[in-house]
Amino acid sequence: MGWSAEQTEAGTRGEPGGPGTDTAGAGTGTAGAGAGAAGAAEETAGPGAQAAGAGSGEGPRAPVALSPSRAGDFMQCPLLYRFRVIDRLPEKPSPAATRGTVVHAVLERLFDAPAAERTAAGARAMVPGEWEKLLAKRPELAGLFADATSDAASVDAGGSVAADGTAPAAPDGAAAERLATWLAEAEALVERWFTLEDPTRLEPADRELYVETELESGLRLRGIIDRVDVAPTGEVRIVDYKTGKAPRPQFAEGALFQMKFYALVMWRLRGVVPRRLQLVYLGSGDVVTYDPGEADLRGVERKLLALWEAIQRATATGDWRPRPTKLCGWCDHQAHCPEFGGTPPVYPLEVRPPDGAVVPQGRMEQI
């Protein structure tokens, strides 16, 4: 089948012979640096909401919606979900996640140009500019490359903003070298995409598409889809870019669940089951596709409803249990996690035990 102006090559020549190295939980191509904390606000306040501490002026609120990322958080560790969605604890940006943000921006804006101008060289050239745009919005990201021994007068304790409140000081030689290496890695990821898809044959129907729907149960689902292609015959393909490597088969279900989530939302919004779900792994050069059916998506809906019921119970009772896994090593919240000897913050919401009585706010004694 054709997808917009594409002649099907992108959907076939990138098919992997087999999944490559799995992502260990870091650098998997999230759509934004600090996506955990910054993205948590959308679960409670809707699109465009700011995370707590970012000037929103709003206190903690119970979650009202579910996104693929936050659903994944709860399945990975309920306490992580609480830290991100309810407590909205800050998280340090990482070079890998920030690189993902820049690469996604390039792949989105590349389609602003006429088809003939969508070249690998042109896309590579966009990387430094997209980094500068992101840095202008988030000057603290300069600290990702700052030397730990740099002058404290130029860089504060967080490694971000100059002492006089102006833009960050120019990086030293070592920091500049680290930044140059990081930019080159981002450029390599962008260039690899051209070996997997041909943008001159693509005219996406949507890019960075915000979608939201409410199920009959009242559960609200939302998310942002990297790209939506529509064939002349009406078939819909949902595409997601990952800047990490394709996971091993035993770990592939997580990313596929995200895509099925998007497919469910699109089905409920437009009444059409997407013909194809496509994951483009820029880190390993793999393209993974899946063709869902209504039975698949009804199963995802049942899973999400059960997940939402569990989240509502935990929200009402304040019982958010940690679930230790190998991914704990990448968690920013070990200082607050009982598994590492930490103490969670005071629970900011009312606690309702099974009898329905309201218990005053207090610290979680057991979790």
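Use the structure listed above.
Scope of this entry: the structure provided in the associated data block.

1. A look at the pairing of strand S5 (residues 276–281)
Alright, step 1. Most of S5 sits out of view: six of its six residues are buried.
Alright, step 2. Residues of S5 alternate between two faces, with Arg276, Gln278 and Val280 on one and Leu277, Leu279 and Tyr281 on the opposite face, all of them buried.
Alright, step 3. Examined bridge by bridge, strand S4 (residues 236–242) and S5 share six bridges and lie parallel to one another. Note that in S5 the partner of Val239 across the bridge is Gln278.

2. Concerning the pattern of salt bridges
Alright, step 1. Applying the stated criterion across every chain yields a total of 25 salt bridges.
Alright, step 2. A salt bridge links Lys242 to Asp240; the shortest N-O distance between them is 3.1 Å. Residue Lys242 shares its accessibility class with Asp240, and that shared class is buried.
Alright, step 3. As a salt-bridge pair, Arg275 and Asp291 come within 2.8 Å of each other at their nearest N and O atoms. Taken together, the residues Arg275 in the loop between helix H9 (253–270) and S5 and Asp291 in the loop between strand S6 (286–290) and helix H10 (294–317) connect sequence positions 16 residues apart.
Alright, step 4. Overall, Arg275 belongs to the partly exposed group, its relative accessible area being 31%.
Alright, step 5. What makes Asp291 partly exposed here is its relative accessible area of 34%.
Alright, step 6. Within the structure, one salt-bridge network assembled from shared partners comprises Arg70, Asp73, Arg84 and Glu91.

Conventions used here
Residues numbered from 1 in each chain as written. Predicted model: local features only at pLDDT ≥ 70, side-chain atom pairs only at ≥ 80, totals over all residues. Heavy atoms only, no water. Buried < 20%, exposed > 50% of the residue type's maximum accessible area, 1.4 Å probe, protein only. Helix = DSSP H or I, 4+ residues; strand = E, 2+ residues; numbered from the N terminus. Pairing = 2+ DSSP bridges. Salt bridge = Lys/Arg side-chain N within 4 Å of Asp/Glu carboxyl O.

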